Structure formats: structure tokens, C-alpha cells
Amino acid sequence: MAAVPDAEAGGEPEATRTLDPADWSSPDARRRARSAERQRAAAELKRSRAALRRSTLRQDRAVRDHRSSLLIMVIMLGLLIATVVVSGGLVAASMRNRPITLAAPLHIYPVVRTVPGQCPAGTAGISGQTPGGPACYQLTRGIAIRRVADLGVQRAQRAGAYDVAVTLRSNDRRAFAALTRASLHRDLAFVVRDRLVTVPRVDAPILNGKVVITGPRNRAEADRLVTSLRGR
């Protein structure tokens, strides 16, 4: 047997009563049954829609949280990379600006005269080798450099050739500028540990402290000149 609610004209539910099978053939009974079924279907649909909305909201929230996490990770990674780049740049700059301490002082003397043969004892000069044989470079008072801003090999303007570049520190530039002014179109003797390393000619006064020594025939010879200038 089935029980269905009935209603009076005033809309108030009346007591539930038991229907005989014969009552299902009544139009009112069928109408009430269909109405109850529609109400149940509507309620179920409402619950389903509410559940779907909750699920959609949870998914949207999860997507937003995931995107926020990815954005934070990207920002943090970008900041980390920027920090590494800046730190690396600062370290590289500090390394470039750090002076190079020579193993032995580099003495630079103006050459007043060059005579063939070895220097006699007591001569204010140093012996060296020229294409024509041994020679005595007679020297006058010069300067001593113990640290430089930079010292290394660089490519020359001539194809396949190399130069040696020396960058003096600010406190040595003025003395070297005065030395090159006084030695224009003459030779300067670069001496390390009482040994003549090279004798470049002054083509123009060097006021900025950037000395370029030309003449090495290849990279190996330029490297050896750098090593000698460093006092090693």
C-alpha cells in the first residue's frame, strides 16, 4: 500500500490516509502522485546543481591557488637569478679593480745612450742583447712600480700579432707621464731583478697610464714577456 499527502481547498495538508489500489485510478490521486514526483525531482535537481556549484568553486579555488603558487615560484626564481647575476657582476668588477701585486718591482729607466758590448763595471747601465749583438744601455734615474691595475696579452692591430698591455694605477700615472714626456722618441728600459726585460721606444707621451708594448712575434713570446714583467 502507498501513502500520499492530500490537501484541502485552503492548502493545509490533511491527515495521511491509505489508498486502496482502486484509488490510483482516480484523477486526483494520479495528479497528486505526479506532483509529488515532480517535487522530488526538482529537489534532487536542486541538490545536484548545488553540489556541482560547490565542486566548481573548489576546482576554481584550486586552480587559482596553483596559479598563485606558480607565479610566486617564477617571481622567486627571477629574483634569485637577478641576485646571482648582480652578485657575479659585483665580484667580477671587484676582481677587475683589484690591483696586481708584482712578484718583484718593475723598474723603468730612461735610456740616455746605447753602446755596443757589455757594460763596464761601475757603469750606470744594464747589458742587453740587440739584433747586432750585446749592448750596454746607459740609464738615468727612473721609477719603480710594485703594483699595476692590469697586465696581460691583447691582440694587436696587425693580423696574427699580439701586444702586452700594462695599466698603471693612479698613483703611478703622473710619474710615468712625466717620464714619457722627458723620453719622447727615446727608449725606456724595463728592468726586473736586475735583468733587462724589454726596451720599448716612446712614440708619444703616455698620460692615461695605459702602456702598450708592441713587438712580440707570437702569443707564446707575449706570454713570456708578461711573466717576466710580473717578476716570475
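Note that residues are indexed from 1 along each chain, following the sequence as it is written. Selection of residues for local features in this predicted model requires a pLDDT of at least 70, selection of side-chain atom pairs for listing and counting requires 80 or more, and totals for whole chains, interfaces and linings are taken over all residues. In computing side-chain properties, one takes all heavy atoms of the structure into account and sets aside hydrogens as well as water.

Participant: Can you break down the pairing of strand β8 (residues 162-167) residue by residue, with the values?
Facilitator: Remark: exposure states derive from per-residue accessible area (1.4 Å probe, protein chains only) relative to the maximum for the residue type, with buried under 20%, exposed over 50%, and partly exposed in between. Only runs of H or I of at least four residues qualify as helices and only runs of E of at least two qualify as strands under DSSP, and these elements are numbered from the N terminus. Most of β8 sits out of view: six of its six residues are buried. Side chains Y162, V164 and V166 of β8 all project onto a buried face; the interleaved residues D163, A165 and T167 project onto the opposite face, where all are buried too. Should DSSP find at least two bridges between two strands, the strands are regarded as paired. The pairing of strand β7 (residues 150-155) with β8 spans six bridges and is classified as antiparallel. Across the sheet, G152 pairs through a bridge with A165, a residue of β8. A loop of six residues connects β7 with β8, the two strands running antiparallel in sequence, and G160 in this loop sits at a positive phi of about 75°. As paired strands, β8 and strand β11 (residues 210-213) are joined by four bridges and run antiparallel to one another. The partner of A165 across the bridge, within β11, is V212.

Participant: Could you give an account of helix α3 (residues 219-229), naming the residues involved and the relevant values?
Facilitator: Those residues of α3 lying buried are A222, L225, V226, S228 and L229. The arc enclosing the buried residues of α3, seen along the axis, measures out at 165°, which places them on a common side. Residues count as neighbours in contact if any of their non-hydrogen atoms are within 4.5 Å of one another. Residues of α3 that are buried in the fold lie against β3 (100-116), β7, β8, β9 (188-192), β10 (195-198) and β11. Where α3 starts, the residue carrying a side-chain oxygen 3.2 Å from the main-chain nitrogen of A220 turns out to be N218. Remark: G231 follows α3 within two positions and exhibits a positive phi of approximately 85°. The directions considered for the arc run from the helix axis to the C-beta atoms. Between N or O atoms, a polar contact is any pair within 3.5 Å; within protein, one atom must be a potential hydrogen donor and the other a potential acceptor, and residues adjacent in sequence are included only when both atoms are from side chains.

Participant: Break down helix α2 (residues 170-182) for me, citing the residues and quoting the values.
Facilitator: Here the expected length of a helix is defined as 1.5 Å per residue gap, with one fewer gap than residues. Helix length check: α2 (13 residues) gives 19 Å between terminal C-alpha atoms against 18 Å at 1.5 Å per residue, within 8%. Every buried residue belonging to α2 is among D172, F176, A177, L179 and T180, and all of these are buried. Within α2, the buried residues cover an arc of 165° as seen down the axis, which keeps them to one side. Exposed residues pointing more than 90 degrees away from the buried face of α2 are listed as N171, R174, R181 and A182. Along its buried surface, α2 packs onto β3, β6 (143-148), β9 and β11.

Participant: Which residues make up the pattern of salt bridges, and what values do they have?
Facilitator: Whenever Lys or Arg places a side-chain nitrogen within 4 Å of a carboxyl oxygen from Asp or Glu, that contact is recorded as a salt bridge. Scanning the entire structure with this criterion turns up five salt bridges. The shortest N-O distance in the salt bridge between R40 and E37 comes to 2.4 Å. Taken together, the residues span about one helical turn, with R40 and E37 both in helix α1 (residues 27-97) at a distance of three residues. The exposure class of E37 is partly exposed, given its relative accessible area of 45%. R219 is paired through a salt bridge with D223; the nearest N and O atoms lie 3.1 Å apart. Note that R219 and D223 are positioned in helix α3 at a spacing of four residues, about one turn of the helix.

Participant: How would you sum up the side chain of S228? Please name residues and give values.
Facilitator: Tracing the backbone through its elements, the reader meets S228 in helix α3. Since its relative accessible area comes to 17%, S228 is described here as buried. Those residues in contact with S228 that sit more than four places away from it in its chain are V192, R195 and V197.

Participant: Describe a positive patch on the surface, with residues and values.
Facilitator: Judged by side-chain charge, K46, R49, R53, R54, R58, R61 and R64 come together as a positively charged surface patch. Considering the arrangement of structural elements, one finds R54 in helix α1. In this analysis, a patch consists of residues with relative accessible area above 30% that form no salt bridge, clustered at 9 Å for like charges and at 5 Å for the nonpolar side chains Val, Leu, Ile, Met, Phe, Trp and Tyr. Areas reported here follow the Shrake-Rupley algorithm with a probe of radius 1.4 Å; residue values treat only the protein chains shown as occluding. Only four residue types enter the tally: Lys and Arg on the positive side, Asp and Glu on the negative side, with His and both chain ends excluded. The atoms used to mark charge sites are NZ of Lys, CZ of Arg, CG of Asp and CD of Glu.

Participant: I'd like to hear about the side chain of S183, residue by residue, with values.
Facilitator: Relative to the assigned elements, S183 resides in the loop between α2 and β9. Residue S183 is classed as buried on the basis of its relative accessible area of 1%. The contacts of S183, once residues within four sequence positions are left out, are P110, L188 and V202.

Participant: Summarise unusual backbone geometry; cite the residues concerned and give the values.
Facilitator: Peptide bonds are mostly trans, and most non-glycine residues show a negative phi. Look at R193: it is not a glycine, yet its phi comes out positive at around 55°. The residue R193 is located in the loop between β9 and β10 in this model. For D194, which is not glycine, the phi dihedral falls at a positive 60°. Within the secondary structure, D194 is located in the loop between β9 and β10. Judged by its relative accessible area of 75%, D194 is exposed.

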